[in-house]
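Chain by chain, the residues run as shown.
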Amino acid sequence: MAQAPDIPHRSGRHCGSSAIRDLLEFHGTTLTEAMCFGLGSGLGITYLTLPDAPVPFLVHVRSLGYEERVFQALDVPFAWTSYSSVEEGAQALDGLLDQGRPALLLTDIFHLPYFASRTHFPGHAIVAWQRQPADGCILVTDTERPAPIPVARSDLARARFAELPPFFHAGNLFAPPAIHARLSVERVAEAIRHNARLLLEGGPCAGVAALDTWLADLGCWEREGDWRWTTRFAYQIIERRGTGGGGFRKMYAEFLNEAASADPRISDLQLPQLMTDCAACWTSLALALKAGSESECFPTKLLADALQAVRAAERRYIDAALIY
C-alpha cells in the first residue's frame, strides 16, 4: 500500500469547484475555487418536470458536464470511469486509494451519513483520499467541511450510484496518476464565451428560455404537489445548496474579476458588474420563493416579477459576454 497522500483541502462553497481545486492542488496546480468554476463554464439554468416526485418541478442553476470542461480548459485529458455494480465500483476505488491516487467522485448526499439528508440530491462531487486501516472507512473531503470525514466503505459505495434527474452516475470516478495543467488567457476567454452560449441556447427547459417555461408553469406549481415544499426546495437550490449564493452568480462574478486582471476587456465590457447584478436578481428570486413557502397563498405575482427581473439581468450579461 502506498503512503497516504497529504490532503490539501480547505473549505469551499460549491462541491465541484472545491473538489477539483483540491485535486489540482494535490497534483501541483493551485487555482482559486472561483477560477475552477469559471473554467468549467459552470453557470446554467435547467427546468425539469418530475411527475409524482416529492418535488414535481425542479430548478437547477449550474451547467451540466461542468467537471469535464474544467479539465478541457486546462488541457488535461478527462473521462469519467463508471462501473456496472456497486461492489465493482467499491473495489476499483480501493485499488486506486491503495496506490495513493485520490479520486474525484460523484455522489448522492442521501447516502452520505454526515448529511443526514431525507432528500436525494445526486451529482454531489467529493474527493476520496485514503482508507483507514483500523476500520476500513474512507477519508473524504467535502465542500465547506473543514477537515476530512471518515465514511463507511458501504455507504460511500452506495452513494456513488444514482438515477435521479438531472444527474445520473454509476460509480463515476476520475483518479489520474498525474495532472499537468496549462492555463492561458485564451482558454479563459473561450470559457466565458462558451458559458454565455450555454445560457442563451437550448430548448424550452434550458438556459434563459427555461425561465419563460417556469413563468408559464407557475399555475402548475400552485396546483400540483406541495407547493410550499416545491418553493422551499427551489430557494435552497438557488441560494443555499452549495451555490455560494445568487445561483452561483456571486462566485462567477469573482471569477470574472480575477480574469479581468489578465484581460482588461472583461472590465471594459462591465462583465463583473453585470454578473453581480444577475446574482442580486437570483437572490431576490430565492428570497421570494422562501417567503412563498411560508405564506398562506401561492405568491404568483411576486415570483413572476422576480423571474422577469432574472431574465432581463441574464440577457444583459449574455449580450455583453458574446461581444467579448
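Note that this is a predicted model, so its numbers are computed, not measured. Throughout, residues of each chain are indexed from 1 in the direction in which the sequence is written. pLDDT decides what is reported in this predicted model: residues at 70 or higher carry local features, side-chain atom pairs at 80 or more are listed and counted, and totals for whole chains, interfaces and linings draw on all residues regardless. The basis for every side-chain value is the complete set of non-hydrogen atoms in the structure, without hydrogens or water.

### Looking at the overall build of the protein
Next, step 1: Helix and strand labels come from DSSP, where a helix needs a run of H or I of at least four residues and a strand needs a run of E of at least two; each type is numbered from the N terminus. Tallying secondary structure elements over the protein gives 13 helices and nine strands in all.
Next, step 2: For this measure, only C-alpha atoms enter the radius of gyration; the expected value for a globule follows 2.2 Å times N^0.38, where N is the number of residues. For the protein, whose C-alpha radius of gyration is 20 Å, the value lies close to the compact-globule estimate of 20 Å for 324 residues.
Next, step 3: Projected onto the principal axes, the alpha-carbon positions of the protein cover approximately 60 × 50 × 30 Å.
Next, step 4: Note on classification: 1.4 Å probe, protein chains only; a residue is buried when its accessible area is under 20% of the maximum for its type, exposed when over 50%, partly exposed between these limits. Within the protein, the fraction of its 324 residues that count as buried is 55%.
Next, step 5: For the area figures, the Shrake-Rupley method with a 1.4 Å probe applies, and any residue is considered shielded solely by the protein chains shown. About 13400 Å² of surface is accessible on the protein, with carbon and sulfur atoms providing 53% of the total.
Next, step 6: Distance between charge centroids for the protein: 2 Å, based on 29 positive and 37 negative side chains. Only four residue types enter the tally: Lys and Arg on the positive side, Asp and Glu on the negative side, with His and both chain ends excluded. Every charge is mapped onto a representative atom, which is NZ of Lys, CZ of Arg, CG of Asp or CD of Glu.

### Overview of unusual backbone geometry
Next, step 1: Positive phi, normally seen in glycine, also occurs at S41, with a value near 50 degrees.
Next, step 2: For S41, the position within the fold is in the loop between α2 (33-39) and β1 (43-49).
Next, step 3: Taking relative accessible area as the criterion, S41 reaches 2% and is therefore assigned buried.
Next, step 4: At A116, a residue that is not glycine, the phi angle is positive and equals roughly 50 degrees.
Next, step 5: Along the chain, A116 falls in the loop between β3 (103-107) and β4 (124-131).
Next, step 6: Owing to a relative accessible area of 67%, A116 belongs among the exposed residues under this scheme.

### As for the pairing of strand β7 (residues 161-164)
Next, step 1: Strand pairing is assigned whenever DSSP identifies at least 2 bridges connecting the two strands. Looking at chain direction, β7 and strand β8 (residues 167-170) are connected through four bridges and run antiparallel. Across the sheet, the residue bridging to E163 is F168, located in β8.
Next, step 2: Two successive antiparallel strands, β7 and β8, enclose a turn made up of two residues.

### Some remarks on the side chain of D263
Next, step 1: Relative to the assigned elements, D263 resides in the loop between α10 (249-260) and α11 (265-268).
Next, step 2: The class of D263 is buried, set by a relative accessible area of 7%.
Next, step 3: Contact definition: two residues touch when any of their heavy atoms are within 4.5 Å. For D263, the contacting residues outside a window of four places in its chain are V185 and Y324.

### Description of the sheet that holds strand β9 (residues 173-174)
Next, step 1: An order of β6-β5-β4-β3-β9 is seen for the five strands of this open sheet, with the pairing classed as antiparallel. The open sheet has two edge strands with one neighbour each: β6 (149-151) and β9.
Next, step 2: Relative to β9, β3 is paired through two bridges, and the arrangement is antiparallel. Note that in β9 the partner of L104 across the bridge is F174.

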